[in-house]
Each structure stands twice: as C-alpha cells, then as structure tokens.
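The primary structure of each chain is shown beneath.
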Amino acid sequence: MFDGFELERIKLPEATLRFRVGGKGEPLLLLHGHPRTHATWHRVAPILAEQYTVVCPDLRGFGQSSKPADTPDHAGSSKRAKARDCVALMRQLGFGRFGLVGHDRGSYTAFRTAMDHSDSVSRLAILDGIPIADALARCDARFASAWWHWFFFAQAEKPERAILADPDAWYGGSPEAMGVESYADFHAAIHDPETVHGMIEDYRAGLGIDRQHDEDDRAADRKLACPLLVLWSARDDLKDLHGDILGIWREWASDVRGHSIDCGHHMAEEAPEELATELAAFFQTS
C-alpha cells in the first residue's frame, strides 16, 4: 500500500497528524471522509504521485491523528480548526501554496481551507459534497430520512454507544472492496473509542459552528478565489437530494466545473483510475 510513500507523524501548533507523502512535482493535499482514514487514497495517490507531490493526512479527530479537547461549541472539531492544520502541515513540508481535494466530510474541511486561506490554495476539488449551510438550508423530509445520521450523530453520547456496540455492523467495509491494508487501518479506527468520538464530534461541529461559519461567509458575500472541480458519485444520492449540484456551487465560486462518476460513494476505492485521471487533468491546468 502506498508504494514509494513515507508514513510520518508531525506535530503542528494545534494537533499531531499522521500522514503519507510521496511523489514529485507540485503539491497536492488529499482529505478523506467519514469513517475512513488517509488509507482510502491508496489506489489514487500512487497514480497522482507520478506528476505531483501527494500528501494524505488523517484529519484531526480521525484515524491515528490527535483528538481535540471537547468544548461546548465543538470548536476543536470545526472545519476551521482542521483547515488551520492543513495549512500548517503543508507549510512545514515546505509548501506555501497547494492543490486541495476533499471527499465527504473532508470536502467540508477542504472548502473551509480554501475560504479561510485563499492565498494557500491554488485549486480545489470537492468530491461528493455541497457546503454544510446549503445542505441544512435545503433539508426536507427526504434529506432527513436519507441522512438521518447527521442528526443522530449530533446527540450527546448515544452515537458512540451505538457504534461501539458493534462497529463492524455499523460501518461495514471489507478487505475485498477496500484492500487488505486499507481495511485493516479503517478497522482499527472504528474500533477505537477515542477515534469514534473524534469522528462524531466532526458532525456535532457541522450542525453548529461549521454552519455558522458558512452563513457568515454568505452574509459577507465571500466566495472561493480559486477554480473549483466538483465530482459526485452517480450511484449515491447527492444529486437526487440536491438537484443542480453545480448550480449550488456557483453561488460560492465563479470558476466551477464538474460531473458525476459512475460509482458508489467511496469513489477513491471504487473508481480510482477515473478519479485520478480527472484530478490530474484539473490540477495541471494553468
């Protein structure tokens, strides 16, 4: 897994992150979603590493990265806090400006990084996501039925108790679909109580402080300063629930492009070659 990559840990001002780095060329930061670790990129990162220096961290609260202290507003698990980690990580690696990709929950951190640190992000790719504020503003019975976990995960203590009673039944996954080593990394994460709590805190922040940050930007008419690529899984429900995905993102950026990929939600595992091709083409465009 990750041939040619180094597995490292780095102490940042606010967190300690586990990450992989490999390849050569312009820097590209890949952010995973829930409940994955950086290992979800193991089929995509080596392809991209032929043209780019690829960095794949476990986000704060996930995998083997450090877990933030709990606070009533969940600020330590906010996407703004995780965005600071992203910029600090890349700067310590010598990259003041980089391309950025985020999938699922990682897409919210990627979006916040590009919004808060526009000088640091050259181009942004969002996979299977729209801004949290838009998802919640558009919430109806269909959304609440399909994405009920957003609201369950916001509750105190109960989500962790339910998940940890049988993590394998809750999250599924298999070595055949994910790859043996990637599945082992994921399996260890979902069985670790501190990691499960850290992942759930990401959702608690989402319904409160993260949504407020998005709404503050909307009220101030702040937009993304970089080109944006949006890709979504054709066999998942993002488009069914939200309709015009690119139209939603055009409220946030002037340079937007994108389309669906014929796969399920975990596109880095299910369609790695197609995804890597799309990302490589987008990030090499001047």
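Heads up: the structure comes first, above all this text.
Residues numbered from 1 in each chain as written. Predicted model: local features only at pLDDT ≥ 70, side-chain atom pairs only at ≥ 80, totals over all residues. Heavy atoms only, no water.

## Here we look at the nonpolar core
Here is step 1: With 59 residues, the main nonpolar core has Leu 29, Leu 124, Leu 224, Leu 228 and Trp 249 as its most contacted residues.
Here is step 2: Setting aside residues no more than four positions away along its own chain, Trp 249 makes contact with Phe 111, Ile 126, Gly 129, Ile 130, Pro 131, Leu 224, Leu 228, Val 230 and Val 256.
Here is step 3: Residues Tyr 52, Leu 229, Leu 231 and Ile 261 belong to the second largest nonpolar core, which totals 28 residues. (Core = buried A, V, L, I, M, F, W, Y, C linked by side-chain atoms within 4.5 Å. Buried < 20%, exposed > 50% of the residue type's maximum accessible area, 1.4 Å probe, protein only. Contact = heavy atoms within 4.5 Å.)

## Focus on the packing of helix α2 (residues 79-92) against helix α3 (residues 105-116)
Here is step 1: Axis separation between α2 and α3 bottoms out at 8 Å; the angle between their running directions is 70°. Relative to α3, the element α2 lies roughly perpendicular. Taken together, the residues of α3 that come into contact with α2 (itself represented by Lys 79, Arg 80, Lys 82, Ala 83, Cys 86 and Val 87) are Arg 105, Tyr 108, Thr 109, Arg 112, Thr 113 and Asp 116.
Here is step 2: Here the residues of the contact of α2 with α3 sort into four nonpolar, two polar and six charged. (Axes fitted to C-alpha atoms, helices over the stretch in contact; angles between N-to-C directions. Helix = DSSP H or I, 4+ residues; strand = E, 2+ residues; numbered from the N terminus. Parallel < 35°, antiparallel > 145°, perpendicular 65-115°, else oblique. Nonpolar A, V, L, I, M, F, W, Y, C, P; charged D, E, K, R; others polar.)

## Looking at helix α11 (residues 193-219)
Here is step 1: In this model α11 runs 38 Å from its N-terminal to its C-terminal C-alpha over 27 residues, within 8% of the 39 Å that 1.5 Å per residue would give.
Here is step 2: At the C-terminal side of α11, Asp 221 shows a positive phi close to 60°. (Expected span 1.5 Å × (residues − 1).)

## Some details on the sheet that holds strand β1 (residues 6-11)
Here is step 1: Spatially, β1-β2-β4-β3-β5-β6-β7-β8 is the arrangement adopted by the eight strands of the open sheet, whose pairing is mixed. Strands with a single pairing partner mark the edges of an open sheet, and in this sheet they are β1 and β8 (256-261). With direction set aside, neighbouring strand axes in the sheet form an average angle of 20°.
Here is step 2: Bridge count between β1 and strand β2 (residues 16-23): six bridges; the pairing is antiparallel. Paired with Glu 6 across the two strands is Val 21, which belongs to β2. (Pairing = 2+ DSSP bridges.)

## A closer look at the packing of aromatic side chains
Here is step 1: Counted under the stated rule, the structure contains 16 aromatic pairs.
Here is step 2: Centre to centre, the rings of Tyr 183 and Phe 186 are 5.9 Å apart; their planes meet at 50°, and the pair counts as tilted. With a gap of three residues between them, Tyr 183 and Phe 186 both fall in helix α10 (residues 180-190), about one helical turn apart. In this structure, Tyr 183 and Phe 186 share a single accessibility class: buried.
Here is step 3: The rings of Tyr 108, Phe 143, Trp 147, Trp 150 and Phe 151 are connected pair by pair, giving a single aromatic cluster.
Here is step 4: Cation over ring: Arg 36 sits above Phe 186, and NZ or CZ is 4.9 Å from the ring centre. (Phe/Tyr/Trp six-rings, centres within 6.5 Å; stacked < 30°, edge-to-face > 60°. Lys NZ or Arg CZ within 6 Å of the ring centre and 35° of its normal.)

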